[in-house]
Amino acid sequence: MRRSSFFLFCALYCPTLLCLSCIAQKNSNARPAKDLLPIIEKNFTDAAAQYKLLTKNLPADKFPKTFFPTTGQYEFSGSGWWCSGFYPGTLFYLYEQTKDPALYAEAVRALQLLEKEKNNTTTHDLGFMMYCSFGNANKMAPKPEYKEILLTSAKSLASRFNPKVGCIKSWDSKPGDYLVIIDNMMNLELLFWATKVSGDSSFYKIAVTHANTTMKNHFRADFSSYHVINYNPVTGEVQQKRTAQGAADESAWARGQAWGLYGFTVMYRETKDVKYLEQAKHIANFIIHHPNLPADKIPYWDFNAPGIPDALRDASAASIIASALIELSSYTDPESSKEYLDITETILRSLSAVKYKAAAGTNGGFILQHGVGHMPNKTEVDTPLTYADYYFVEAMERYKKLWK
Ligand code: GLY
């Protein structure tokens, strides 16, 4: 059979065969950047050494928050801070890469401090806090107690859902307000996990309803997102669209765009509903083609920050975008996949260079420098951040796994 006749035969009679050949072609287009893999391996080794320094300086009842290189001072938190899960989560990822038992032991120690947050119904951040920590622990070494802790956490998170609004409440506020932030998309993965292990579909339904409401109200025509939507808790109507951590109500706060990209990519993974894939692609398009995205692909803290090109960059937004784009690249056509992986590689190279990756023994043991936590509040501005480190390590692990 001639080659062209063979493909016609396949198209007419063997759609599965043709589909498989498309996948093979897609995979054959993908290739690792050979020089990046050894850089990543060195980053894992260096990161493990840094986190041991961080551990050494950590009070036994606290979690790391940030470090001020100019004064040499740390800021620590209790387990109720939204970032408490990132420290054990990063240690688990680094243990996976290095097999250093000290990292695992320290992660497990931190989990004991964190466990009580499973009953915390005053925050929407339980996905960050419990799924990045206990979720990672359970993926590596499943245990009935981890399952119980994660299911209880999912119930606590679900208790904040208002069916009239169609969203989980992010921040408690004054009566008459119902505040939902784009970051909340990151907490939904815990709910999908809960339905899978319990068979209770209510978690899944809450996640899907929250995502649909967010798609409807959080996004602008260019697929950038508002940070905060204030709903009427009785009628569900939108009362206000505004920012809390961005430069302005109508600006595109960089980490918010990153949370949206990651969140809708997870939505597609968990539901296989193409509307979420399209949403994630639109968000990716907004980010990677934005005229204010610098050549090294580390975003300014807000795409519309005053003072660009002298505005501060946010390493945390870059890490989250890199991790999300790697996953998204596995769901898209070869051309988009290549574009996403090219951007990811640029981000990983930039974060691995001296400008962002801390020199050994510096930065209080954090891996990355130059994150922006809350610019309007003037807190954690141009400092290391636990979530910049967490998603950087996750992105490198995902990148490495692509080629296995
Ligand atoms: N979830 C809070 C932040 O991204 O700063």
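Because the structure is predicted, anything quoted here is derived from the model rather than measured. (Residues numbered from 1 in each chain as written. Predicted model: local features only at pLDDT ≥ 70, side-chain atom pairs only at ≥ 80, totals over all residues. Heavy atoms only, no water.)

S.K.: Explanation requested: the overall build of the protein in the structure shown.
M.R.: Regarding its fold elements, the protein presents 14 helices and nine strands. The C-alpha atoms of the protein give 21 Å as radius of gyration, which agrees with the globular expectation for 404 residues (22 Å, within 12%). Here the C-alpha coordinates of the protein stretch approximately 70 × 55 × 50 Å along the principal axes. Sorting the 404 residues of the protein into buried and exposed places 56% on the buried side. Taking all contacts inside the protein whose residues are at least 6 apart in sequence as the whole, residues at least 24 apart take part in 66%. Of the roughly 16600 Å² of accessible surface on the protein, a fraction of 57% belongs to carbon and sulfur atoms. Of the charged side chains in the protein, 44 are positive and 40 negative; the average position of the first set lies 4 Å away from that of the second. (Helix = DSSP H or I, 4+ residues; strand = E, 2+ residues; numbered from the N terminus. Rg over C-alpha atoms; globule rule 2.2 N^0.38 Å. Buried < 20%, exposed > 50% of the residue type's maximum accessible area, 1.4 Å probe, protein only. Contact = heavy atoms within 4.5 Å. Areas by Shrake-Rupley, 256 points an atom, 1.4 Å probe, with all protein chains shown as cover. Lys, Arg positive; Asp, Glu negative; His and termini not counted. Charge placed at Lys NZ, Arg CZ, Asp CG, Glu CD.)

S.K.: Would you explain the site of the ligand in this entry?
M.R.: All residues adjacent to the ligand are Trp82, Asp183, Gln245, Trp253, Arg255 and Trp259. In the complex, 93% of the free accessible area of the ligand, which totals 200 Å², lies under the protein chains. Its residues assigned to classes, the shell around the ligand shows three nonpolar, one polar and two charged. (Near = heavy atom within 4 Å. Nonpolar A, V, L, I, M, F, W, Y, C, P; charged D, E, K, R; others polar.)

S.K.: Which parts of the structure should I look at to understand the sheet that holds strand S6 (residues 228–231)?
M.R.: Through backbone hydrogen bonds, the strands of a sheet pair up, either in parallel or in antiparallel fashion. Pairing in this open sheet of three strands is antiparallel, and the strands run S5-S6-S7 from one edge to the other. Each edge of the open sheet carries a strand with a single partner, namely strand S5 (178–181) and strand S7 (238–242). Adjacent strand axes in the sheet meet at a mean angle of 20°, parallel and antiparallel pairs treated alike. Where S6 meets S7, four bridges bridge the pair, whose relative direction is antiparallel. The partner of Val228 across the bridge, within S7, is Arg242. (Pairing = 2+ DSSP bridges. Axes fitted to C-alpha atoms, helices over the stretch in contact; angles between N-to-C directions.)

S.K.: Looking at this structure, I do not really get helix H9 (residues 201–217). What am I missing?
M.R.: Residues spaced three or four apart along an α-helix face the same direction, because each turn holds 3.6 residues. The end-to-end C-alpha distance of H9, which contains 17 residues, comes to 25 Å, matching closely the 24 Å that a straight helix rising 1.5 Å per residue would cover. Along H9, the residues that are buried comprise Phe203, Ile206, Ala207, Val208, His210, Ala211, Thr213, Thr214 and Asn217. (Expected span 1.5 Å × (residues − 1).)

S.K.: Is there a simple way to think about the pattern of salt bridges in this case?
M.R.: Proximity of charged atoms lets side chains of opposite charge pair with each other. Evaluated as defined, the whole model comprises 25 salt bridges. The shortest N-O distance in the salt bridge between Lys118 and Glu115 comes to 3.0 Å. Here Lys118 falls in the buried class, since its relative accessible area comes to 12%. Salt-bridge contacts for Lys196 lead to Glu270; the nearest nitrogen and oxygen are separated by 2.8 Å. Of this pair, Lys196 sits in helix H8 (residues 188–198) while Glu270 sits in helix H10 (residues 254–271); the two residues are 74 residues apart in sequence, bridging distant segments of the chain. Each member of the salt-bridge network shares a partner with another, and the members are Glu189, Lys196, Arg269, Glu270, Glu327, Glu394 and Arg398. (Salt bridge = Lys/Arg side-chain N within 4 Å of Asp/Glu carboxyl O.)

S.K.: Is there a simple way to think about the confidence of the model for the protein in this case?
M.R.: Caution applies to low-pLDDT regions: their predicted coordinates should not be interpreted in detail. Looking at the protein, pLDDT values average 93 and 93% of them are 70 or higher. Here residues 1–28 is modelled with pLDDT under 50, and outside its nearest four sequence neighbours on either side it reaches 14 contacts, counting other chains as well. (pLDDT = per-residue confidence, 0-100.)

S.K.: Would you explain unusual backbone geometry in this entry?
M.R.: Working note: non-glycine residues mostly have negative phi, and peptide bonds are mostly trans. Going from Ile308 to Pro309, the amide bond is cis rather than trans, its omega being 15°. Note that Pro309 resides in the loop between helix H11 (274–288) and helix H12 (315–329). The phi dihedral of Asn363 is positive, around 65°, even though this residue is not glycine. Mapped onto the elements of the fold, Asn363 is located in the loop between helix H13 (334–352) and strand S8 (371–374). For Asn363, a relative accessible area of 5% corresponds to the buried category.

S.K.: Would you mind showing me how to read the packing of aromatic side chains here?
M.R.: All told, the structure shown has 26 aromatic pairs when counted by the stated rule. A ring pair is formed by Phe134 and Tyr146, whose centres lie 5.9 Å apart and whose planes are at 65°; its orientation type is edge-to-face. Of this pair, Phe134 sits in helix H6 (residues 126–140) while Tyr146 is found in helix H7 (residues 144–158), placing the two residues twelve residues apart along the sequence. Between the aromatic rings of Tyr399 and Trp403, the centroid separation amounts to 5.6 Å while the plane-to-plane angle is 75°, which identifies the pairing as edge-to-face. Judged by its relative accessible area of 23%, Trp403 is partly exposed. An aromatic cluster of three or more residues is present, and its members are Trp81, Trp82, Phe86, Tyr93, Phe128, Trp259, Tyr262, Tyr387, Tyr390 and Tyr391. Just above the ring of Trp81 sits the side chain of Lys65; from NZ or CZ to the centre is 4.1 Å. For Lys99, the ring lying beneath its charged end belongs to Tyr95, and the centroid distance is 5.3 Å. (Phe/Tyr/Trp six-rings, centres within 6.5 Å; stacked < 30°, edge-to-face > 60°. Lys NZ or Arg CZ within 6 Å of the ring centre and 35° of its normal.)

S.K.: How should I be thinking about helix H14 (residues 386–402) in this particular structure?
M.R.: Here H14 is 17 residues long and its end C-alpha atoms lie 24 Å apart, about the 24 Å a rise of 1.5 Å per residue gives. In terms of residue burial, H14 counts as a mostly covered element, since 15 of its 17 residues are buried.

S.K.: Where do I start with the side chain of Thr243 in this structure?
M.R.: When you line up the elements, Thr243 lands in the loop between S7 and H10. Under the relative-accessibility criterion, Thr243 is labelled buried at 14%. A polar atom in the side chain of Thr243 sits 2.8 Å from the backbone nitrogen of Gly246. Contact partners of Thr243, with chain neighbours within four places excluded, come to His227, Val228, Ala248 and Asp249. (Polar contact = N/O pair within 3.5 Å; in protein donor to acceptor, adjacent residues only side chain to side chain.)

S.K.: What am I meant to see in the packing of H10 against H12 here?
M.R.: Relative placement of two packed helices is described by the angle separating their axes and the distance separating the axes. Between H10 and H12, the shortest axis-to-axis distance is 9 Å and the interhelical angle comes to 20°. One way to sum up the angle between H10 and H12 is to call them roughly parallel. Two packed elements cross with a definite hand, and for H10 against H12 that hand is left-handed. Residues Ala254, Arg255, Ala258, Trp259, Leu261, Tyr262, Thr265 and Arg269 of H10 form the contact with H12, whose participating residues are Ser316, Ala317, Ile320, Ile321, Ser323, Ala324, Leu325, Glu327 and Leu328. Taken together, the residues of the contact of H10 with H12 break down into eleven nonpolar, three polar and three charged. (Parallel < 35°, antiparallel > 145°, perpendicular 65-115°, else oblique. Left-handed = near helix turned anticlockwise from the far one by under 90°.)

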